[in-house]
Amino acid sequence: SQQGEEDPQALSIQEGENATMNCSYKTSINNLQWYRQNSGRGLVHLILIRSNEREKHSGRLRVTLDTSKKSSSLLITASRAADTASYFCATDGGGGADGLTFGKGTHLIIQP
Amino acid sequence: GAGVSQSPSNKVTEKGKDVELRCDPISGHTALYWYRQSLGQGLEFLIYFQGNSAPDKSGLPSDRFSAERTGGSVSTLTIQRTQQEDSAVYLCASSLRRGYQPQHFGDGTRLSIL
């Protein structure tokens, strides 16, 4: 079953603007990750934030985690056409499962 | 190889046939995972291997699904008597060891059941 729920389901912005995606989850976690998926390809790991961290940066990416609200956000600054993809949050540690639990994803379109 | 390799990339088969999907993980990664991605269900975790052992098979959708891993490397996911609802993209991932993140994904096998 899907634990994470991303919103919005789809987002279209102009190149150069910032894109923000949100994720909510239901059970306790060890860490939360964000992955990107280009059409017809596999998932590419972007960033991992541990349950005891509140914010993390990697290049143009900024991730926040609020464990009290069981939510996370991914901010992509100065978006580029190449950022067009689907973005998924994934959690582990929930229920002791070994696999990741993914949200339904946000489809991001960057208009040139 | 440099990344996780899956074959075939695409598979079209008739309902009722058996199919075998292959995953070659990153060299040295002891943990291997199978996921299924479909429009209706999103990304679902199917099964996990640590070495050649799969401790929990409860994520497999039905008893028509089986998976094995030999030599701590290549894994195969077999679907017997395929049904149309088995149509999906099957993704494989590997990580250094159990519980170690991130997982590295292959490009998947797109399975279509006619």
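All values derive from a computational prediction rather than experimental measurement.

Engineer: How do you make sense of the overall build of chain B when you look at a structure like this?
Structural biologist: Assigned secondary structure in chain B consists of zero helices and ten strands. The order of α-helices and β-strands along chain B, N terminus first, is β-β-β-β-β-β-β-β-β-β. Across the 114 residues in chain B, those meeting the buried criterion constitute 46%. Restricting the contact set of chain B to residue pairs at least 6 apart, pairs at least 24 apart contribute 57%.

Engineer: Would you take a moment to explain the state of the cysteines for this structure?
Structural biologist: Working definition of a disulfide: a covalent bond connecting the sulfur atoms of two cysteines. All names here are of chain B. In this structure the tally under the stated criterion is two disulfides over all chains. The side chain of C23 participates in a disulfide bridge whose partner is C92; the two sulfur atoms lie 1.9 Å from each other. Of note, the bridge from C23 to C92 carries an S-S torsion of about -65° and is left-handed in sense. Of the two residues, C23 sits in strand β3 (residues 19-24) while C92 sits in strand β8 (residues 88-95), which places them 69 residues apart along the sequence. The class of C23 is buried, set by a relative accessible area of 0%.

Engineer: Help me understand unusual backbone geometry in this model?
Structural biologist: With glycine set apart, most residues show a phi of negative sign, and most peptide bonds adopt trans. Cis geometry marks the peptide bond from S7(B) to P8(B), where omega comes out at -10°. Mapped onto the fold, P8(B) is located in the loop between β1 (5-7) and β2 (10-13). Although it is not a glycine, K70(A) sits at a positive phi angle of roughly 50°. Relative to the assigned elements, K70(A) resides in the loop between β7 (61-66) and β8 (71-76). Even without being a glycine, R81(B) presents a positive backbone phi close to 50°.

Engineer: Explanation requested: the sheet that holds β8(A) in the structure shown.
Structural biologist: As a general point, the strands of a sheet are linked pairwise by backbone hydrogen bonds and lie either parallel or antiparallel. Residues and elements named next belong to chain A. Pairing within the open sheet is antiparallel, and its five strands lie in the order β1-β3-β8-β7-β6. The two strands at the open ends of the sheet, each matched to only one other strand, are β1 (5-7) and β6 (55-58). Ignoring which end each strand starts from, the neighbouring axes of this sheet average 15° apart. Sheet topology note: the β1/strand β3 (residues 19-24) ladder contains three bridges and is antiparallel. Residue pairing in the sheet places D7 in a bridge with N22 of β3.

What counts, and at which threshold
- Each chain carries its own residue numbering, running from 1 in the direction its sequence is written.
- All chains are assigned letters beginning with A, and all ligands numbers beginning with 1, in the order in which they are written.
- Given that this is a predicted model, residues contribute local features only at a pLDDT of at least 70 and side-chain atom pairs are listed and counted only at 80 or more, while totals for whole chains, interfaces and linings are drawn from all residues.
- Based on all heavy atoms of the structure, the side-chain values leave hydrogens and waters out of the count.
- Each helix is a run of H or I in the DSSP string that is no shorter than four residues. Each strand is a run of E no shorter than two, and both are numbered from the N terminus.
- When a residue's accessible area, from a 1.4 Å probe over protein chains only, is under 20% of the maximum for its type it is buried; when over 50% it is exposed; and in between it is partly exposed.
- Should any heavy atoms of two residues lie within 4.5 Å, those residues are considered in contact.
- Only a pair of cysteine sulfur atoms within 2.5 Å qualifies as a disulfide here.
- Being paired, for any two strands, means DSSP has found at least two bridges between them.
- Structural elements are reduced to axes, namely lines fitted to C-alpha atoms, with helices fitted over the stretch in contact, and the angle between N-to-C directions of any two is expressed from 0 to 180 degrees.

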